[in-house]
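An overview of the molecular structure
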Amino acid sequence: MGCGHKDDKASLASSHISSFSHQPHQPPSTPASKEVWKKGGRMFSILLAVHLALLACTLVSSGAFEKIAVHDYDVFFLLTVMMLVVIVWIIFYLVSTSRCQDAILCKDSHAGPIWLRGGLILFAIFSLVMDVFKIGYYSSFYSCLSAIKIIYPIVQAIFVVVQTYFLWISAKDCVHVHLNVTRCGLMLTLTTNLAVWMSAVTDESVHKAHSKLKKNVTEEIFRWLLKAGMRSSSAEECNCNSQICQIFKNGYFWLYPFNIEYSLFASAMVYVMWKNVGRFIDHHSHHIHHLKFRIFRRTFFVGIVLGLIILVSGLGVLILYEVQVNSSTEFNKKSQALTMYYIFNIVCLGLMSLVCIGGSVIYRFDKRDMDRHKNPTRTLDVALLMGAALGQYAISYYSIVAIVASTPRDAISALNLTYALLMIAQHTFQNIFIIEGLHRQPPKEDHKHHSHQKDLYGLTFVNINAVSLRVPDSGSTLAPSTASGAEAIHPSDLVRSLTAPKKMNWRRKFLREISMFLLLSNIILWIMPAFGARPQFDNDTELNFYGDSMWPAIVDICLPFGIFYRMHAVASLLEVYIMS
């Protein structure tokens, strides 16, 4: 197994010559041909990913309907083959890069931060539990099911373990061998994760539609509707009467949100690796900041306390909503649950919007410079924030049109309209706050600041006028000894240095409070729709206006992006918190 193709070695050699020459900042001798080949390799891998994604999307969407002759085990067969190919490629990547010393010449310090990889491991653990529940559920009646229904969760569990290990150790790699093979392999991995995500979202949506249908109609009508139009899972035709079977069935559907988030997190990390293939990092401009994650230092605890109050209150609202809406058929209890849900979200979104505006105002007084260096991770974070917000924007605007155009308006419609408007405002202000925080330079190292501050405070008992007499007009040096080691200190710089830390401290503390409050609030706003609190299906205004087929389709398409937005905002806010 070689270390790469000849063209890869040639480009690598030219870059080595340029890096060890007397002019380290001079670009390679043939940058034009290298850039053209890089774009060609990227284009080929993108075309491969597009075709695979379209094929998977076609099968997954077709398998959701009964009248189309595509079964769910056809979808599982395609996903199983894709995951097996990705597992083989990951093993090839790990072996080839470990045997070749020049495979990874540099690493991207911004890619794959520890909190992102930690979140990936958390979601991977829940995904493995979901696969165990799936295996137990399908094994309960394996005699009337296709074998692929049991093979698929087994292969998915292996895929999750191998991919999580791969991303944990290789997320920062800038690979310089097998460039085209690596790009195609990473795009195949990304497409596989997106296909698994589409399958999970579709399966969850069909399951929730069946649950709503079963609650409102009798068993005979439900079976007739399944034969008439909607896809029934092949497991629906088998008897699942035992208690352990019901536990497995309900368990893995409750764990679907974690598997959905795992696929999206892995896709984002794989995309950054794809952008870093063949990349050379200029260490003179690519600063590595060793930031320490300290939650309980330099904080007033206001953001944490308020965020925990919102989080606990939201969990209580979620439990009451599930009990009154999903377990009761009375109209009054359903109306009370919707009113409680809308009031909580209006208060939460209003506070978050005000806090984001306050954080943006504080950034206007922040003296830190903007970080304008090339950073694929930050570019992806901004693109995902802006793109995922479009899902919730679409739902909100559809709701606004339906509420305004509908003639009978009640209190729930007014609350729904306020909720939709605040949802748009909160997403907009939060995106501004997060993007501005991600583009700020991190604070200087504490030990440098404290050592310089210690020297300055040692001069506080010296007459500043006397110091100024020793400093020439040019302000070159304070004493002969400072010319060789320490920096020159001007009296005006001395006064500013003695007063600046207090101003910077309160700004940083307020930004940390805002980031922690928004982080905890986004967690509860992710939990509520991910685990069943979806008033879009329970409010009759949109259903009556758009119809029983159009409105559920809109929500099923747009809501997963809104759920992903919340989880990605949590990761971005954690980075903003650490950078503050």
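Residues numbered from 1 in each chain as written. Predicted model: local features only at pLDDT ≥ 70, side-chain atom pairs only at ≥ 80, totals over all residues. Heavy atoms only, no water.

A word on the nonpolar core. Formed by 134 residues in total, the largest nonpolar core has its most connected members in Phe433 and Trp526. For this core, the leading source of residues is helix H20 (residues 550-579), giving 17 residues. The residue makeup of this core includes at least three contributed by each of domain 1 (39-225 + 241-290) and domain 2 (303-442 + 504-579). Residue contacts for Phe433: discarding those within four places in its chain leaves Cys356, Gly359, Ser360, Tyr363, Leu511, Ile514, Ser515, Leu518, Leu573 and Val576. (Core = buried A, V, L, I, M, F, W, Y, C linked by side-chain atoms within 4.5 Å. Buried < 20%, exposed > 50% of the residue type's maximum accessible area, 1.4 Å probe, protein only. Helix = DSSP H or I, 4+ residues; strand = E, 2+ residues; numbered from the N terminus. Domains from an automatic or database assignment. Contact = heavy atoms within 4.5 Å.)

The full count for this structure, using the stated rule, is 2 salt bridges. Note that Asp173 and Lys107 form a salt bridge whose closest N and O atoms lie 2.5 Å from each other. A residue pair is termed long-range when its members are at least 10 positions apart, and Asp173 in strand S2 (residues 173-175) and Lys107 in strand S1 (residues 104-107) qualify at 66 residues. (Salt bridge = Lys/Arg side-chain N within 4 Å of Asp/Glu carboxyl O.)

Moving on, we come to the confidence of the model for the protein chain. Summing up the model confidence of the protein chain, the mean pLDDT is 77 and the portion of residues at 70 or higher is 72%. Long-range and interchain partners of residues 217-232, a stretch whose pLDDT sits below 50, account for 30 contacts in this model, where long-range means more than four residues apart. Confidence drops under a pLDDT of 50 for residues 498-504, and excluding neighbours within four residues, the segment shows 5 contacts in the predicted structure. (pLDDT = per-residue confidence, 0-100.)

A full pass over the atoms with the stated rule returns 29 aromatic pairs. Aromatic side chains Tyr546 and Trp551 sit 5.6 Å apart centroid to centroid with 15° between the ring planes, which places their arrangement in the stacked category. Neither Tyr546 nor Trp551 differs from the other in exposure class; each is buried. By way of ring pairs, the aromatic residues Phe123, Phe126, Trp254, Phe258, Phe265, Trp526 and Phe531 are connected into one cluster. (Phe/Tyr/Trp six-rings, centres within 6.5 Å; stacked < 30°, edge-to-face > 60°.)

Right, let's talk about the packing of helix H3 (residues 72-99) against helix H5 (residues 148-170) for a bit. Interhelical geometry of H3 versus H5 gives an angle of 30° and a closest axis separation of 9 Å. Looking at the two axes, H3 sits roughly parallel to H5. The element H3 and its partner H5 pack so that their crossing is left-handed. Looking at the contact of H3 with H5 residue by residue, the class counts come to 22 nonpolar, 4 polar and 2 charged. (Axes fitted to C-alpha atoms, helices over the stretch in contact; angles between N-to-C directions. Parallel < 35°, antiparallel > 145°, perpendicular 65-115°, else oblique. Left-handed = near helix turned anticlockwise from the far one by under 90°. Nonpolar A, V, L, I, M, F, W, Y, C, P; charged D, E, K, R; others polar.)

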